[in-house]
Amino acid sequence: MEKKIFIQTGTGVDLHGQNVNQASERAINNAIQSNSMPGIQDALPNQDLNNMKVNVKLGIPRDLEDLDEERIKKLIPYGDISVEKLDGGLASTNGIYLSEQEDKNDLMYIVNAVVEVGY
């Protein structure tokens with residue numbers, strides 16, 4: 001990305017099931033759900049949304065290899081999207097193991113997201 005125009009941050013939690021995709025989706029949605037970028041098109045080369053680049057950085061506590069990058073990319077409506085998986089976030093006890101919630105253990109996964117927009 002040559003120039004960053006906008007950076008959004010978010011946090012997502014999967015309380016049961018230890019699913020990095022669920023927690024990552026929630027983190028990205030948290031980052032982008034209350035933002036609007038009305039001037040973004042004017043700031044892009046040739047005022048074209050196809051020239052927008054979006055870099056998603058995810059701080060994931062465990063099971064980085066389980067992240068489905070294509071699933072994550074579908075959350076971003078425009079641009080050329082890249083996904084970076086980083087060690088981060090937090091795995092902490094949720095206080096209860098529930099097999100009916102597909103728990104593997106009593107951990108919740110907390111993922112942090114940074115969504116960078118530019119060109």
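Scroll up a little and you will see the structure.
Residues numbered from 1 in each chain as written. Predicted model: local features only at pLDDT ≥ 70, side-chain atom pairs only at ≥ 80, totals over all residues. Heavy atoms only, no water.

Trainee: Any chance you could explain the overall build of the protein chain here in plain terms?
Mentor: Broken down by element type, the protein chain carries three helices and five strands. Each helix (α) and strand (β) of the protein chain, taken in turn from the N terminus, gives the series β-α-α-β-α-β-β-β. On the principal axes, the C-alpha backbone points of the protein chain span a range of 55 × 25 × 20 Å. Looking at the protein chain residue by residue over its 119 residues, the buried ones come to 34%. At a minimum sequence separation of 6, the contacts of the protein chain that also span at least 24 residues come to 73%. Accessible area of the protein chain: about 6,700 Å², with a carbon and sulfur share of 43%. In the protein chain, 11 positive and 19 negative side-chain charges are present, and the distance between their average locations comes to 4 Å. (Helix = DSSP H or I, 4+ residues; strand = E, 2+ residues; numbered from the N terminus. Buried < 20%, exposed > 50% of the residue type's maximum accessible area, 1.4 Å probe, protein only. Contact = heavy atoms within 4.5 Å. Areas by Shrake-Rupley, 256 points an atom, 1.4 Å probe, with all protein chains shown as cover. Lys, Arg positive; Asp, Glu negative; His and termini not counted. Charge placed at Lys NZ, Arg CZ, Asp CG, Glu CD.)

Trainee: Would you take a moment to explain the nonpolar core for this structure?
Mentor: Among soluble globular proteins, nonpolar side chains are generally buried collectively. Membership of the largest hydrophobic core comes to 24 residues, with the highest contact counts inside it found for Val54, Val56 and Leu58. Listed by contribution, the elements that provide at least two residues to this core are helix H1 (20-32), strand E2 (53-60), strand E3 (80-87) and strand E5 (107-118). (Core = buried A, V, L, I, M, F, W, Y, C linked by side-chain atoms within 4.5 Å.)

Trainee: I would appreciate a short explanation of unusual backbone geometry in the present structure.
Mentor: Among all residues except glycine, the phi angle is most often negative; among peptide bonds, the trans geometry is most common. Positive phi outside glycine occurs at Gln18, with the angle close to 50 degrees. Within the fold, Gln18 resides in the loop between strand E1 (4-14) and H1. What makes Gln18 buried here is its relative accessible area of 3%. Phi at Glu102 is positive, roughly 65 degrees, even though this residue is not glycine. Considering the arrangement of structural elements, one finds Glu102 in the loop between strand E4 (90-93) and E5.

Trainee: Mind showing me how you'd approach the pairing of E5 here?
Mentor: Strand residues, when the strand is regular, have side chains that alternate between the two faces of the sheet. The element E5 is extensively covered by neighbouring structure, given that 10 of its 12 residues are classed as buried. Bridge count between E2 and E5: seven bridges; the pairing is antiparallel. Bridged to Leu58 within E5 is Ala113. Sheet topology note: the E4/E5 ladder contains four bridges and is antiparallel. Counted as the bridge partner of Ser92 is Met108 from E5. (Pairing = 2+ DSSP bridges.)

Trainee: Just to check I follow, could you spell out the side chain of Asn21 for this structure?
Mentor: Mapped onto the fold, Asn21 is located in helix H1. For Asn21, the residues in contact, after removing those within four places along its chain, are Asp66, Leu67, Asp68, Arg71 and Ile72.

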